[in-house]
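Each chain, written out:
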Amino acid sequence: MKVLVCNAGSSTLKLSLFEAEEERLLADGLIDWTAKPARLGLRRPGQAELRAELTVGQHADAISRILDELQTIAPIHAVGHRVVHGGDRYSAAARITPEVKRAIDELAELAPLHNPPSLGCITAFENALPGVPQVAAFDTAFHATLSAAARTYPVPRSWTRDLGIRRYGFHGLSHSYCAGRAAAMIGRTNVRLIIAHLGNGASVSAVREGVCVDTSMGFTPLEGLMMGTRSGSVDPGVLIYMLREKGLDGDRLDRALNHESGLLGVSGVSSDMRQVLAAAPDNPDARLAVDIYVHRIRQTIGAMAATLGGVDGLVFTAGVGENSAEIRERVCANLDFLGLALDRSANRERRPDADIAAPASKARILVIATREDLTIVRETRKLIGL
Ligand code: AMP
């Protein structure tokens, strides 16, 4: 069975064709609308990469072109979409129906950059691949198990009751994959895991026996850790002050906190951790940015350990988590009181997926290459029953 995984962002569309039973990648394609000029690329085994330049407005054409090419490799049996927001309606993946499409559309208010392009792709695929079943795998679904105490903000009751204001959590496809992979690496399912997804966006989740019990992102992907350009948590009083006393409006505040903060905002160098780390020895602002980044991850690990009542495994994943031995070492410093002791040479030498804890460490420290695409393939297979 061939499953096509579709990940539609605000400016790119990534497509991966899988032999689903073997979880083997057959081909992958990318449409990038931000490149100048916009471009389409497709990699297939044993063939030269297909590349084409696109003119704006060719969205549907580009999709049908890439689908035509993929169909020459193998007929597509099902399509699985990453959909960022499933609200409180979806605690698991769902087969696409008109009702599910309506829900994704209604939830666009909560994820304006992400839900609309997913919906656009679902419709384009309905036209291009009539009769092929489609599935939505939601980034919020893995966090649907949060208790009322973990998901509810202590704000006026009418906000939570009438407006859907609550912690939803994000990166669920990654956290879910890592939870399963970590349990397999540790060799048992009754484990308490803290999973640190550290990419451009970053979040930590606490997982007990495969069930998510806490997560650092909230109503939006802005809460929690410091990120590439996002501030993470700040005192809401700062926002009130900036709005009331300094004349910022909602749009300006949005831009500042989502696009001009985090590593970029503090360092003034870049949102890219590699560049901030490279600048840090000679640049106090870059050094401070890394110090805050590490401090906040450690704080959050402590909070998650308290929620779990202990930890059996700490997982590092995504761009920074998988690749930066320096950040991992700094995050793990003096965490022996949680039973976490790093093997410094294993941390520097081993490639993911790997256990980098010292042999005597009570809990494991794992580096896992995240595979959101495989979570989508598995959810799609489960729902389509193939
Ligand atoms: P992602 O969103 O998962 O693609 O992660 C992107 C982030 O990972 C960027 O901040 C990159 O700078 C960071 N990253 C990738 N490789 C490294 C590395 N070797 N060291 C530090 N950060 C890295």
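Model, not experiment: these values are computed from the prediction. (Residues numbered from 1 in each chain as written. Predicted model: local features only at pLDDT ≥ 70, side-chain atom pairs only at ≥ 80, totals over all residues. Heavy atoms only, no water.)

A. Spotlight on the site of the ligand. In the vicinity of the ligand, the contacting residues are Gly-199, Asn-200, Ser-271, Asp-272, Met-273, Arg-274, Ala-318, Gly-319, Val-320, Asn-323 and Ser-324. Between the ligand and Asp-272, the relevant distance is 2.3 Å, taken from an oxygen atom to a side-chain nitrogen or oxygen of the residue. Here Val-320 contributes a backbone N or O atom positioned 3.3 Å from an oxygen atom of the ligand. Considering the ligand on its own, with 500 Å² of exposed area, one finds that the protein chains cover 72% of that surface. Looking at the shell around the ligand, the element that brings in the most residues is helix H12 (residues 318–323), giving four residues. (Near = heavy atom within 4 Å. Polar contact = N/O pair within 3.5 Å; in protein donor to acceptor, adjacent residues only side chain to side chain. Areas by Shrake-Rupley, 256 points an atom, 1.4 Å probe, with all protein chains shown as cover. Helix = DSSP H or I, 4+ residues; strand = E, 2+ residues; numbered from the N terminus.)

B. Just the sheet that holds strand E1 (residues 2–8), in detail. Ordered in space as E5-E4-E3-E2-E1-E6-E8-E7, the eight strands form an open sheet in which the pairing is mixed. Only two strands of the sheet have a single neighbouring strand rather than two, namely strand E5 (50–53) and strand E7 (94–95). Across five bridges, strand E3 (residues 24–32) lies against strand E4 (residues 39–43) in antiparallel orientation. The partner of Asp-28 across the bridge, within E4, is Arg-43. (Pairing = 2+ DSSP bridges.)

C. View of the packing of aromatic side chains. With the rule as written, the count across this model stands at two aromatic pairs. Aromatic pair Tyr-90 and Phe-138: ring centres 4.8 Å apart, planes at 15°, arrangement stacked. Of the two residues, Tyr-90 is situated in the loop between strand E6 (78–83) and E7 and Phe-138 in strand E8 (residues 134–138); the sequence distance between them amounts to 48 residues. What makes Tyr-90 buried here is its relative accessible area of 13%. (Phe/Tyr/Trp six-rings, centres within 6.5 Å; stacked < 30°, edge-to-face > 60°. Buried < 20%, exposed > 50% of the residue type's maximum accessible area, 1.4 Å probe, protein only.)

D. Local environment of the nonpolar core. Counting residues in hydrophobic clusters, the biggest one holds 49 residues, and the most contacted among them are Ile-194, Leu-198, Tyr-293 and Ile-327. Looking at this core, the elements with two or more residues in it are strand E9 (192–198), strand E10 (202–208), helix H10 (273–279), helix H11 (284–308), strand E12 (313–317), helix H13 (325–332) and strand E14 (364–367). Top contributing element to this core by residue count: H11, with ten residues. The contact partners of Ile-194, leaving out residues within four places of it in the chain, are Val-204, Ser-205, Ile-301, Met-304, Ala-305, Leu-308, Val-311, Gly-313, Leu-314 and Val-315. Of all hydrophobic cores here, the second largest spans 30 residues; its members include Phe-18, Cys-212, Leu-366 and Val-377. (Core = buried A, V, L, I, M, F, W, Y, C linked by side-chain atoms within 4.5 Å. Contact = heavy atoms within 4.5 Å.)

E. Examining the packing of helix H7 (residues 236–244) against helix H8 (residues 250–259) more closely. Running from amino to carboxyl end, H7 crosses H8 at an angle of 135°, the nearest separation of the two axes being 10 Å. Comparing the axis directions of H7 and H8 gives the class oblique. As H7 runs across H8, the sense of the crossing is right-handed. The segment H7 lies against H8, with Leu-239, Met-242 and Leu-243 engaging Gly-250, Leu-253 and Leu-257. Classifying every residue of the contact of H7 with H8 gives five nonpolar, one polar and no charged. (Axes fitted to C-alpha atoms, helices over the stretch in contact; angles between N-to-C directions. Parallel < 35°, antiparallel > 145°, perpendicular 65-115°, else oblique. Left-handed = near helix turned anticlockwise from the far one by under 90°. Nonpolar A, V, L, I, M, F, W, Y, C, P; charged D, E, K, R; others polar.)

F. Layout of the sheet that holds E10. Pairing within the open sheet is mixed, and its six strands lie in the order E11-E10-E9-E12-E14-E13. Among the strands making up the open sheet, the edge pair consists of strand E11 (211–215) and strand E13 (354–355). Pairing of E12 with E14 involves four bridges; the strand directions are parallel. Note that in E14 the partner of Gly-313 across the bridge is Arg-364. Contacts between helix H6 (residues 172–186) and the sheet are confined to E9, E10, E12, E13 and E14, with E9 contributing the most and set at about 130° to the helix.

G. Spatial organisation of the environment of Gly-319. Mapped onto the secondary structure, Gly-319 falls in helix H12. If we ignore the near neighbours within four places in the chain, the residues touching Gly-319 are Leu-198, Gly-199 and Ser-324.

H. Spotlight on the side chain of Asn-347. Take Asn-347: it is sitting in helix H14 (residues 344–349). For Asn-347, a relative accessible area of 0% translates into the label buried. Of the polar contacts made by the side chain of Asn-347, one reaches the backbone oxygen of Ala-325; its length is 2.9 Å. The contact partners of Asn-347, leaving out residues within four places of it in the chain, are Ala-325, Arg-328, Glu-329, Leu-342 and Ile-356.

I. Main features of a nonpolar patch on the surface. Judged by side-chain polarity, Val-155, Trp-159 and Leu-163 come together as a nonpolar surface patch covering roughly 280 Å² of accessible area. Assignment of secondary structure puts Leu-163 in the loop between helix H5 (157–162) and H6. (Patch = residues over 30% accessible without salt bridge, like charges linked within 9 Å, V, L, I, M, F, W, Y side chains within 5 Å. Salt bridge = Lys/Arg side-chain N within 4 Å of Asp/Glu carboxyl O.)

J. Broad picture of unusual backbone geometry. Put simply, Pro-352 and Asp-353 share a cis peptide bond, and its omega is 0°. With phi around 50°, Glu-23 is a residue other than glycine that occupies positive phi space. Turning to its location among the elements, Glu-23 is positioned in the loop between strand E2 (12–19) and E3. Phi angles above zero are rare outside glycine, and Ala-318 is one such case at about 75°. Inspection of the secondary structure puts Ala-318 in helix H12.

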